[in-house]
Amino acid sequence: MTSSRTDPLQVPAALQPRVEAIPGLRALYRRGSFARTLGLACFAVLPATALLSSMLLQGLTGSPPSAHVPAGYGNVPSTLALLALANLSIVGGLLVWMGFGLRRVLLNRGVRHFTFSFVIGGSVLVALLVGNGFVSPDFSRSEAGDGSKLDSTQLPALIDSPGFAALSPQWQGYLQAQRSLARASAPLNDTGLAIARGEDIGIAVPAVIRARFEAKAKLPYSAGSQAWQRDHWLRNGVQHVVGLAIAWSLLLLIVAGIGLTTLGYHVRGRARVINGLLQQLQGPSAAGVAHVASSHARLN
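Predicted model only: the values in this text are computed from it and were never measured.

Conventions and cut-offs
- Residues numbered from 1 in each chain as written.
- Predicted model: local features only at pLDDT ≥ 70, side-chain atom pairs only at ≥ 80, totals over all residues.
- Heavy atoms only, no water.
- Helix = DSSP H or I, 4+ residues; strand = E, 2+ residues; numbered from the N terminus.
- Buried < 20%, exposed > 50% of the residue type's maximum accessible area, 1.4 Å probe, protein only.
- Contact = heavy atoms within 4.5 Å.
- Axes fitted to C-alpha atoms, helices over the stretch in contact; angles between N-to-C directions.
- Parallel < 35°, antiparallel > 145°, perpendicular 65-115°, else oblique.
- Left-handed = near helix turned anticlockwise from the far one by under 90°.
- Nonpolar A, V, L, I, M, F, W, Y, C, P; charged D, E, K, R; others polar.
- Phe/Tyr/Trp six-rings, centres within 6.5 Å; stacked < 30°, edge-to-face > 60°.
- Lys NZ or Arg CZ within 6 Å of the ring centre and 35° of its normal.
- Core = buried A, V, L, I, M, F, W, Y, C linked by side-chain atoms within 4.5 Å.
- Pairing = 2+ DSSP bridges.
- Polar contact = N/O pair within 3.5 Å; in protein donor to acceptor, adjacent residues only side chain to side chain.

Peer 1: What should I look at first to understand the overall build of the protein chain in this one?
Peer 2: Helices and strands together make up the secondary structure of the protein chain, namely 9 helices and 2 strands. The buried share of the protein chain, reckoned over its 300 residues, is 37%. A fraction of 76% describes how many contacts in the protein chain between residues 6 or more apart in sequence connect residues 24 or more apart.

This is the structure:
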C-alpha cells in the first residue's frame, strides 16, 4: 500500500533549479576566492623582493657585511659559532612560519598569515643574507693581512668602547671611515678620502674595502680595485643579473596582484548575482519552504 503523505526530504519543484545550480556556484565562488587570495599574496611578497633586489644591485655602494679591524678585535671562533647557530635557528623558524602561511594560501584559507610571515620574515631573511655577505661583496680572512674581520654591526660598539682610544690614529681614522660606508648620508673623513685617492695610510687595506671607498667618493677605481673586480667578475655579474631579474619581477608581481585580485572579486560578485537571480526565480509558493534548501545555498 503506497503512502499518500508528502516526502519531507523531497525538494520542492520551485527550488529544484536553484539546488542543482548550487554546486557549480560554490565552485565558481571558490575559484574567485582563490584568485583573490593569490592576488593579495603577490602584494605581500613585494617588500622583501624589493629589498633583496636593491641589496643585490647596490654592489660596492652598499653597506659592507664585515669591517677590517686590528688583530685581536675581530670575531672570535666561539662567537662566530654562536652567531651561525643563532642565524640557523632564526632562519629555520622564519621558514617554518612562512611555510605555514604559504600552506594557508594554497589551501585558500586566507592571506593574513601569509602577509605577516612574508613581510616580516622575508625582510629579516634578506637582512641576514646581507649581514652574512651573501648579497654583498666581502673580503676574506687572508685579505685582512695583519688585521681581522668583524661583523659590521659590531663596529659602532668597538668605536664607542674605551679600547678605541688605545688604537693608533691611523686605525682610529680608518675605523671611523669604515663606519661611514654603512651610512649613505655620512661623508668620508680624511682617512677615507685618502684611501679613495690611493694614498698610503700605513695600513694594508683590502682591495674590496678600497673599492668601496672609491665608489663612495665617486672616484675612478684603482688598479688594485679593478684587479679584484676581475678576479670576482663571475659572482659580481651573477649578483647584478639576479638583481635585475628580481627588479623586473616586481612589475610582474604588481600586474599579477592587480589582475588576480580584480578577477577574484569579479568572479565572486558574479556568483552572488547568479545566486540572487536564482532566488528571484522562486515562486511565491516556495517562500514558505525556502528553509529546506537554505543550507545548500550558502557560498563558501
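Now that the structure is up, let's keep going.
Peer 1: Teacher, can you tell me more about the packing of helix 5 (residues 169-181) against helix 7 (residues 207-217) here?
Peer 2: In a pair of packed helices, the angle between the axes and the distance between the axes together describe the arrangement. As a packed pair, helix 5 and helix 7 sit with axes 11 Å apart at the nearest point and diverge in direction by 60°. The orientation of helix 5 relative to helix 7 falls into the category oblique. Considering only the axes of helix 5 and helix 7, their crossing is left-handed. From helix 5, Y174, A177, Q178, S180 and L181 reach across to helix 7, where they touch I209, R212, F213 and K216. Taken together, the residues of the contact of helix 5 with helix 7 break down into 5 nonpolar, 2 polar and 2 charged.

Peer 1: Sorry if this is basic, but what is going on with the packing of helix 7 against helix 8 (residues 223-231) here?
Peer 2: It is the contact of helix 7 with helix 8, at a shortest axis distance of 9 Å, that shows an interaxial angle of 115°. Here helix 7 runs over helix 8; the crossing is left-handed. Where helix 7 approaches helix 8, its residues A207, V208, R210, A211 and E214 are matched on the opposing element by G224, S225 and W228. In terms of residue class, the contact of helix 7 with helix 8 is built from 4 nonpolar, 2 polar and 2 charged.

Peer 1: Help me understand the packing of aromatic side chains in this model?
Peer 2: The geometry of an aromatic ring pair is captured by two quantities: the separation of the ring centres and the angle between the planes. Evaluation of the coordinates by the stated rule reveals 2 aromatic pairs. Plain terms: the ring middles of W171 and Y174 are 5.5 Å apart, the flat faces sit at 50° to each other, and that makes the pair tilted. One end of the pair, W171, and the other, Y174, are both in helix 5, 3 residues apart, so they sit about a helical turn from each other. This pair shows no difference in class: W171 is buried, exactly as Y174 is. Here K149 stacks its cationic end above the ring of F139, 5.4 Å away from the centre of that ring.

Peer 1: Whenever I open this one, the nonpolar core confuses me. Can you help?
Peer 2: Note on soluble globular proteins: their nonpolar side chains tend to be buried together. Ranked by internal contacts, the top residues of the largest apolar core, which has 29 residues, are V69, L155, Y174, L175, I201, I209 and F213. Residue assignment for this core shows that the elements contributing at least two residues are strand 1 (66-69), helix 4 (155-160), helix 5, helix 6 (190-196) and helix 7. Every residue in contact with L175, bar those within four places of it in the chain, is listed here: H68, V69, P70, L155, L158, I159, F164 and L167.

Peer 1: So what exactly am I meant to see when it comes to the pairing of strand 1 here?
Peer 2: The side chains of a regular strand alternate between both faces of the sheet. Taking every second residue as pointing to the same face, both faces of strand 1 are buried, with S66 and H68 on one and A67 and V69 on the other. The pairing of strand 1 with strand 2 (residues 148-151) spans 4 bridges and is classified as antiparallel. Paired with V69 across the two strands is S148, which belongs to strand 2.

Peer 1: Help me understand the environment of A177 in this model?
Peer 2: Relative to the helices and strands, A177 is located in helix 5. Separated by 13 residues in the primary sequence, A177 and D190 have C-alpha atoms spaced 8.1 Å apart. Those residues in contact with A177, other than ones at most four positions away along the chain, are L188, N189, G192 and F213.

Peer 1: Help me understand unusual backbone geometry, please; the structure alone is not making it clear to me.
Peer 2: In most cases, non-glycine residues show a negative phi, while peptide bonds are predominantly trans. At N108, a residue that is not glycine, the phi angle is positive and equals roughly 60°. Tracing the backbone through its elements, the reader meets N108 in the loop between helix 2 (77-106) and helix 3 (112-131). The backbone of K218 sits at a positive phi, close to 60°, despite the residue not being glycine. Tracing the backbone through its elements, the reader meets K218 in the loop between helix 7 and helix 8.

Peer 1: Just checking my understanding: could you explain the side chain of T49 for this structure?
Peer 2: If you trace the backbone, T49 turns up in helix 1 (residues 16-58). Among the polar contacts listed, one links the side chain of T49 to the backbone oxygen of V45, at a separation of 2.7 Å. Beyond its immediate sequence surroundings of up to four residues, T49 is in contact with I246, S249, L250 and L253.

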